[in-house]
Amino acid sequence: MAALNRIQKIASHLDPPKPFKFKVALLGAAGGIGQPLSMLLKMSPYISELSLYDVANTPGVAADVSHMSTAARVKGYLGPDQLPAALAGSNLVIIPAGVPRKPGMTRDDLFNINAGIVRTLAEAIAAHCPNAWVAIISNPVNSTVPIAAEVLQRAGVLNPARLFGVTTLDVVRAEAFLGEIVGADPRDVSVPVVGGHAGITILPLLSQARPPLPASVTAEQRKALMTRIQDAGTEVVQAKAGAGSATLSMAYAAARFADSCLRAMSGEGPVTEYAYVRSSAVQGLPYFSSPLRLGRSGVEEVLPLGPMDALESENFEAMKAELLGSIKKGEEFVARGPAK
Ligand SMILES: NC(=O)c1ccc[n+]([C@@H]2O[C@H](COP(=O)([O-])OP(=O)(O)OC[C@H]3O[C@@H](n4cnc5c(N)ncnc54)[C@H](O)[C@@H]3O)[C@@H](O)[C@H]2O)c1
Ligand SMILES: O=C(O)C[C@H](O)C(=O)O
């Protein structure tokens, strides 16, 4: 332990702690994603206050995480009556609240339950932290982000530069899978993944991968890799056999996305990150996951998608109708209003 303390002291001089200045609220903090994500966020040098909210079990999670010897102050909030306090003053709100898939389900099968959850949470954000950056993990992301946008718009507080669908896990998976194929450290691999976050709406741009795929990789292998990235969520759902969907890799991806947001928020940018946002990147699609330049105020620029090869162009065209349908489903859900 003494050796570890010595290392920590040396490290702290090498990299002096950042001024702790951001409040982050995690809604769904006691869930399969929420618990490991709470732990990872507690380790962030950018967070002064970590607000853990759920409708069940948050006192225990908050007590546990608060014992980590890192700087962020942790507070647990339980149930709707405590949601305003959980949100007040938040700079970043991360939402994994909602139910996950079971085998045989699509992400869209979660809509009837999760749409209402996201709508209610978005209403609270509009009321209690309207200037916060909002990062939505809850599926179906292709629809839940438009839901949140419509709610925030109706409240007169929508800032599209600060509303994100978290698609980072698709990028993380592409890096891991390509790293396996080329025998590289995945931390040295980059693969743009754009579009949405469901099946064929997930579009890995392997032709832009770094390092490039070796020439020895056949067209069939490229197609198989693209399909594996698109279906990776289902791969985990099936492997968990009814115990849910990706949680640990999602917590890792969400913590990476949160770090990008907080670095940009603190002025350390510009930061490049991929996320599903409201944009005009693709004609006819009001939301799309693109490379983004993030700065203090949120998205400062939606960056170009870059060139696509024939396979990617074909998939790009094939995904548009499904993605637009999911977007409209979310928008119409808010327009219809709560069930009478
Ligand atoms: N965007 C992605 O890449 C990605 C990856 C994995 C999972 N997901 C999605 O994330 C969501 C959560 O997955 P999970 O595995 O953590 O599920 P989970 O069931 O383990 O946890 C969900 C948590 O949300 C809480 N919750 C439910 N209703 C709530 C409300 N009204 N307010 C606050 N909290 C509420 C539950 O109490 C629970 O703690 C699912 O919709 C899943 O599909 C998205
Ligand atoms: O696949 C799921 O249902 C969860 C998530 O969207 C994922 O990609 O792992």
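Residues numbered from 1 in each chain as written. Chains lettered and ligands numbered in written order. Predicted model: local features only at pLDDT ≥ 70, side-chain atom pairs only at ≥ 80, totals over all residues. Heavy atoms only, no water.

The name recorded for the chain in an unreviewed UniProt entry is Malate dehydrogenase, from Volvox africanus. The record held by UniProt for the chain lists under Sequence similarities (unreviewed entry) the comment "Belongs to the LDH/MDH superfamily. MDH type 1 family." UniProt annotates the chain under Subunit (unreviewed entry) with the comment "Homodimer." (UniProt positions renumbered as here; feature names shortened; annotations may be inferred.)

J.: Go over the site of ligand 1 with me, naming the residues and quoting the values.
T.: With respect to spatial proximity, 28 residues lie near ligand 1, and among them Gly32, Asp54, Pro96, Val99 and Asn139 are the closest. Within the side chain of Asp54, an N or O atom sits 2.6 Å from an oxygen atom of ligand 1. Between a nitrogen atom of ligand 1 and a main-chain N or O atom of Val166, the distance comes to 3.2 Å. Notes on ligand 1: free accessible area 870 Å², of which the protein chains cover 84%. Put simply, the parts of the chain that give the shell around ligand 1 at least two residues each are strand 2 (47-54) and helix 5 (111-128). Per-element tally for the shell around ligand 1: the top contributor is helix 5, with 3 residues. Of the residues assigned to the shell around ligand 1, the class counts are 17 nonpolar, 10 polar and 1 charged. (Near = heavy atom within 4 Å. Polar contact = N/O pair within 3.5 Å; in protein donor to acceptor, adjacent residues only side chain to side chain. Areas by Shrake-Rupley, 256 points an atom, 1.4 Å probe, with all protein chains shown as cover. Helix = DSSP H or I, 4+ residues; strand = E, 2+ residues; numbered from the N terminus. Nonpolar A, V, L, I, M, F, W, Y, C, P; charged D, E, K, R; others polar.)

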